[in-house]
Amino acid sequence: MKKVVKFGGSSLASARQFKKVGDIIRSDKTRRYVIPSAPGKRNSKDEKVTDMLYACYDAASTGASYKKILERIRSRYMEIIDGLDLNLDHEFDRIEENFVKGIGRDYAASRGEYLNGQIMAAYLGYEFIDAAEVIFFDEEGNFEADSTNQELSERLEHVERAVIPGFYGSMHDGSIKTFSRGGSDITGSIVARAIHADMYENWTDVSGFLVTDPRIVENPAVIETITYKELRELAYMGAGVLHEDAIFPVRKEGIPINIRNTNRPEDKGTLIVESTCRKPRYTITGIAGRKGFCSVNIEKAMMNAEVGFGRKVLQVFENYGISFEHMPSGIDTMSIMLHQDEFEEYEQSVIAGIHRAVHPDAVELESGLALIAVVGRGMKATRGTAGRIFSALAHARINVKMIDQGSSELNIIIGVKDADFEQAIQAIYNIFILADM
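Once a new chain begins, its residue numbering starts again from 1 and follows that chain's sequence as written. Owing to the predicted nature of the model, reporting of local features is limited to residues with pLDDT of at least 70; listing and counting of side-chain atom pairs is limited to 80 or more, with chain, interface and lining totals taken over all residues. Side-chain measures here rest on the full set of heavy atoms in the structure, leaving out hydrogens and waters.

Quick look at the overall build of the chain
Where we set the bar: The helix and strand labels rest on DSSP assignments: H or I over at least four residues marks a helix, E over at least two residues marks a strand, and numbering proceeds from the N terminus. Throughout, the radius of gyration refers to the C-alpha atoms, and the reference size of a globule is 2.2 Å times the residue count to the power 0.38. Exposed residues in this analysis have more than 50% of their type's maximum accessible area, buried residues have under 20%, and partly exposed residues fall in between, with area computed by a 1.4 Å probe over protein chains only. Between two residues, a contact is recorded if the distance between any of their heavy atoms is within 4.5 Å. In these tables, accessible area is a Shrake-Rupley quantity obtained with a 1.4 Å probe, and a residue counts as shielded only by the protein chains included in the view. The charge count includes Lys and Arg as positive and Asp and Glu as negative, but it does not include His or the ends of the chains. Every charge is mapped onto a representative atom, which is NZ of Lys, CZ of Arg, CG of Asp or CD of Glu.
Along its length, the chain carries 14 helices and 16 strands. Relative to the compact-globule value of 22 Å for 437 residues, the chain shows a C-alpha radius of gyration of 25 Å, a close match. In terms of overall dimensions, the chain has a C-alpha envelope of 75 × 50 × 40 Å along the principal axes. Taken over 437 residues, the chain has a buried fraction of 53%. Taking all contacts inside the chain whose residues are at least 6 apart in sequence as the whole, residues at least 24 apart take part in 74%. Counting every atom, the chain has about 20,300 Å² of accessible surface; 47% of that belongs to carbon and sulfur. Distance between charge centres in the chain, computed from 52 positive and 64 negative side chains, equals 6 Å.

Describing the sheet that holds strand E3 (residues 127-128)
This is how the line gets drawn: For two strands to be treated as a pair, DSSP must find no fewer than two bridges joining them. Every angle, taken between N-to-C directions, lies between 0 and 180 degrees, and every axis is a line fitted to C-alpha atoms, over only the stretch in contact when it is a helix.
Taken in spatial order, the eight strands of this open sheet run E3-E5-E2-E1-E8-E10-E11-E9, and their pairing is mixed. Each edge of the open sheet is held by one strand with a lone partner, namely E3 and strand E9 (225-227). In this fold helix H1 (residues 15-26) packs onto strand E1 (3-7), strand E2 (31-36) and strand E8 (199-204), with an angle of close to 170° to the strand it touches most, E1.

Some points on the confidence of the model for the chain
Our working rule: Every residue is assigned a pLDDT by the predictor, reflecting its confidence on a scale from 0 to 100.
Put simply, the chain has an average pLDDT of 92, and 99% of its residues get 70 or more. The spread of mean pLDDT over the elements of the chain runs between helix H8 (residues 228-236), the lowest at 83, and strand E5 (residues 162-163), the highest at 98.

Observations concerning the pairing of strand E13 (residues 333-339)
Judged by how many residues are buried, E13 sits mostly within the fold: six of seven residues are covered. One ladder, built from seven bridges, connects strand E12 (residues 286-299) with E13; its direction is antiparallel. Looking at E13, one finds that Glu299 is bridged to Thr333.

Some thoughts on unusual backbone geometry
The backbone of Phe167 shows a phi angle near 85°, a positive value even though the residue is not glycine. Among the secondary structure elements, Phe167 is positioned in the loop between E5 and strand E6 (168-171). Of note in this structure, Asn219 is not a glycine but carries a positive phi near 45°. Note on placement: Asn219 falls in the loop between E8 and E9.

Section: the packing of helix H13 (residues 385-395) against helix H14 (residues 421-432)
When two helices pack together, you describe them by how their axes are tilted relative to each other and by the distance separating the axes. Condition: Under this scheme an angle from 65 to 115 degrees is roughly perpendicular, one under 35 degrees roughly parallel, and one over 145 degrees roughly antiparallel; angles in between are oblique. The hand of a helix crossing depends on one turn: near helix anticlockwise from the far one by less than a right angle means left-handed, and clockwise means right-handed. Amino acids are sorted into nonpolar (Ala, Val, Leu, Ile, Met, Phe, Trp, Tyr, Cys and Pro), charged (Asp, Glu, Lys and Arg) and polar (every other residue, Gly among them).
Two numbers describe how H13 lies on H14: the axes approach to 9 Å, and their chain directions differ by 130°. In terms of orientation, H13 and H14 fall into the oblique class. When the axes of H13 and H14 are compared, the crossing they make is right-handed. Listed contacts from H14 to Thr385, Arg388, Ile389, Ala392 and Leu393 of H13 are Ala424, Ala427, Ile428, Ile431 and Phe432. When grouped by side-chain class, the residues that make up the contact of H13 with H14 number eight nonpolar, one polar and one charged.

Regarding the packing of aromatic side chains
Inclusion rule: Pairing of aromatic side chains here covers Phe, Tyr and the six-membered ring of Trp, requires ring centres within 6.5 Å, and sorts the geometry by plane angle: under 30 degrees stacked, over 60 edge-to-face, intermediate tilted. Geometrically, a lysine NZ or arginine CZ counts as sitting over a ring once it is within 6 Å of the ring centre and also within 35 degrees of the ring normal.
Applying the stated criterion across every chain yields a total of 11 aromatic pairs. Pairing Phe18 with Tyr123 gives two aromatic rings, centres 6.1 Å apart and planes at 85°, and the pair type is edge-to-face. On the criterion of sequence distance, the pair formed by Phe18 in helix H1 and Tyr123 in helix H5 (residues 105-124) is long-range, its members being 105 residues apart. Owing to a relative accessible area of 21%, Tyr123 belongs among the partly exposed residues under this scheme. The rings of Tyr57, Phe99 and Tyr107 are connected pair by pair, giving a single aromatic cluster. In this structure, Arg111 is placed above the aromatic ring of Tyr114, and the distance from its NZ or CZ to the ring centre is 4.3 Å. Its guanidinium or amino end placed over the ring of Tyr168, Arg111 lies 5.4 Å from that ring's centre, counting from NZ or CZ.

Topic: helix H4 (residues 89-101)
Rules: In this scheme, a helix's expected span is set at 1.5 Å multiplied by one less than its residue total. Note: the arc covers the axis-to-C-beta directions of the helix.
Given a rise of 1.5 Å per residue, 13 residues ought to cover 18 Å, and the 19 Å separating the end C-alpha atoms of H4 matches this to within 8%. Those residues of H4 lying buried are Glu91, Phe92, Ile95, Glu96, Asn98 and Phe99. One side of H4 carries all its buried residues, which in axial view fall inside an arc of 170°. In this structure, H4 carries His90 and Lys101 as exposed residues pointing more than 90 degrees from its buried face. Where H4 is buried, its residues touch helix H2 (49-61), helix H3 (67-80) and H5. Gly102 sits one or two residues past H4 and shows a positive phi near 75°.

What about the sheet that holds E12?
With antiparallel pairing, five strands are arranged side by side in an open sheet as E13-E12-E14-E16-E15. The open sheet terminates on both sides in strands that have one partner only, identified here as E13 and strand E15 (402-405). The average angle at which neighbouring strand axes cross in this sheet is 35°, direction not considered. H8 rests against E12, strand E14 (362-375) and strand E16 (411-417) of the sheet, and its axis sits at about 65° to E12.

Points about the side chain of Asp130
Cut-off, in case you're wondering: Salt bridge, as used here, is a side-chain nitrogen of Lys or Arg placed within 4 Å of a carboxyl oxygen of Asp or Glu.
With respect to the helices, strands and loops of the structure, Asp130 is situated in the loop between E3 and strand E4 (136-137). Look at Asp130: it is buried, it has no salt bridge, and the nearest opposite charge is Arg111 at 5.1 Å. In contact with Asp130, not counting residues within four places along its chain, are Tyr114, Pro165 and Tyr168.

Observations regarding the pattern of salt bridges
What the rule picks out here adds up to 30 salt bridges. Lys67 is the partner of Glu96 in a salt bridge, and the nearest nitrogen-oxygen pair spans 2.6 Å. Highlighted residues: Glu96 in helix H4 and Lys67 in helix H3, separated in sequence by 29 residues. Overall, the relative accessible area of 52% leaves Lys67 in the exposed class. Put simply, Lys3, Asp28, Arg31, Glu201 and Arg260 are held in one network by salt bridges that share partners.

Right, dumping it as structure tokens:
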């Protein structure tokens, strides 16, 4: 059995955290491939090493004073390697030289993971493999999945245990290229695919995915098992513990992901799977949402009989590079849900374009809307789910502005006023989770 284990920045922020991680890895011999992030914050007032590297590089590459920032970065690593037979002086000399040369911000950002990978390999006695040698991007900066998978598979075929730093790879000219922030999750997924892992464990500072945002609902329940489809729906609406691009490589291979808590390794966390026979604990799996939407409401008599009406309307938005989120409609009405900040700059031009394209009876705008997704594979087999949602919202005296449900019955999208967002999520949580506990 082979497991890939990725540890986030908070899991590797100090020497104490490194010891926890080492104990976790050594407690299970199948944890053979380790993906470290750069050191994160040790407390709320601390700085992430990646942010410090960006600041140091910006100063050094422009001729400004950078020595103090570099020394702070060095001291973070010196604290972590205390007691290890490891000297990073040569690495820091090379980093400083490249910063002054202006080698690139991606190189600067990647050094946090690179150095932590060196430390982790020395700490565990595993082989260190530089991600730049096995993870590739094309000249446009796009990740090359096939060539990377081939190179990694061949490189790791005869390597029993290894540490591969997260977050970065290299382009054809040898320059360093990073994924977007949080990209170590993607590296872990790529490695898991390459070695045909039995499990990809992603260790962080929470015990799995929560049913909803803990900033809104106090101590929300943990999701025990979630499918990739459910996760995509929740991640799209803002729920985030895992980088959403980390799903695709392992999904292709049917490899499950286990979200675990470094500080509570006894917790089972959340298991992310392609499909499952396990009955969900609750009717719904999760609740997520975002504020900052607006709607363009179009009215026209006999709209439903006019061939091409919807296409002509959407063409107007496409002309201005505006994507829509949802499009609920009636016989003589159509509503287009949009990100308000994307729409505001072009609103008058879009209204004029709609008038020219379809000659509506009226066009009205409504701003300050929030969208809430109620997601769950258990909803499909349960009668009255929508009724319970609207009953909970009515009891909380919240007016529903929009409803949208896909044919998969996996989720229901509800639109409410921004001012009602938090109360709406609490009301839905109460009726589906607290009431069923």
